[in-house]
Amino acid sequence: MTIAPPLVLRAVGALMAVVKGAMVDAFIAMSVLKLVQVVNRFAIGAAIFWTEELIVLLLVWSVLLGLPVQLWSHDEILVDVWPARIPWLARAKLLAAAALSVLFCAILLYAGWRYAERGIPVSSPALGLSRFWFFLPIPLAAGLAILALLFRAPAPAMFDAAPAPDRPGLDG
């Protein structure tokens, strides 16, 4: 269990709810724009030139904002290639995986921010937006993922040595 103060946990939880809302809104806007684009192109016969670029921008934002949301709610995909039957070893393995994930996200945060900064003077062709806005989701998602990893509650049955009876492993 995390030792963060309840106020911090509530604040991070509220932030993750806002991120989830932004992710869902971006996905809905992307879907509506695609529908408008298809109807306009095939029913009316005229293309809206900027919708494709905006759809790509929204796709990048919705996918990358999904990372911290999934981590916060423990919905990430887990691949266990080294099952640990001893409880303390299972706990050590999970803590090591979390530490390595935080380290990876910290590197991604730094490198992503540097990359986003390089995109500031470059404009997108259709929208005229700075490429910064296309690359900003990388460090933003990495930073939010670090918060999610550090402050999320432990997963149910996180430190059990064996799979739960209602969720058998690959062998049964």
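Quick caveat, the model's predicted, so the values are computed rather than measured.

**Q** Can you help me understand helix α5 (residues 137–151) in this one?
**A** Since the α-helix advances by 3.6 residues per turn, residues separated by three or four positions end up pointing in the same direction. Relative to the 21 Å expected for 15 residues at 1.5 Å per residue, α5 spans 21 Å between its end C-alpha atoms, a close match to the ideal helical length. Inspection of α5 places Pro137, Pro139, Ala141, Ala142, Leu144, Ala145, Ile146, Ala148 and Leu149 among the buried residues, and these make up the whole buried set. Against α1 (6–44), α2 (51–72), α3 (87–118) and α4 (132–135) lie the buried residues of α5.

**Q** In this structure, what is going on with α3? I would like to understand it.
**A** Helix length check: α3, at 32 residues, gives a terminal C-alpha distance of 46 Å against a target of 46 Å (1.5 Å per residue), a fit within 8%. For α3, the full list of buried residues reads Ala90, Lys93, Val102, Cys105, Gly112 and Ala116. If you follow the buried residues of α3, they end up packed against α4 and α5.

**Q** So what exactly am I meant to see when it comes to the packing of α1 against α5 here?
**A** Angle between the axes and distance between the axes: these two values describe a pair of packed helices. With their axes 11 Å apart at the nearest point, α1 and α5 run at an angle of 135° to one another. It follows that α1 is oblique to α5 by the angle criterion. Judged by the sense of rotation from one axis to the other, the crossing of α1 with α5 is left-handed. Contacts between α1 and α5 pair Val8, Leu9, Val12, Leu15, Met16 and Val19 from the former with Leu144, Leu147, Ala148 and Phe151 from the latter. Grouping the constituent residues of the contact of α1 with α5 by class yields 10 nonpolar, no polar and no charged.

**Q** Can you help me understand the nonpolar core in this one?
**A** Core analysis: the biggest nonpolar cluster contains 21 residues, and Met16, Val19, Trp61, Leu65, Leu71, Cys105 and Leu144 have the highest contact counts within it. Elements that contribute at least two residues to this core include exactly α1, α2, α3, α4 and α5. When residues of this core are assigned to their parent elements, the largest contribution, 6 residues, is made by α5. Residues Met30, Leu33, Ile55 and Leu58 belong to the second largest nonpolar core, which totals 5 residues.

How each quantity is defined
- Residues numbered from 1 in each chain as written.
- Predicted model: local features only at pLDDT ≥ 70, side-chain atom pairs only at ≥ 80, totals over all residues.
- Heavy atoms only, no water.
- Helix = DSSP H or I, 4+ residues; strand = E, 2+ residues; numbered from the N terminus.
- Expected span 1.5 Å × (residues − 1).
- Buried < 20%, exposed > 50% of the residue type's maximum accessible area, 1.4 Å probe, protein only.
- Contact = heavy atoms within 4.5 Å.
- Axes fitted to C-alpha atoms, helices over the stretch in contact; angles between N-to-C directions.
- Parallel < 35°, antiparallel > 145°, perpendicular 65-115°, else oblique.
- Left-handed = near helix turned anticlockwise from the far one by under 90°.
- Nonpolar A, V, L, I, M, F, W, Y, C, P; charged D, E, K, R; others polar.
- Core = buried A, V, L, I, M, F, W, Y, C linked by side-chain atoms within 4.5 Å.

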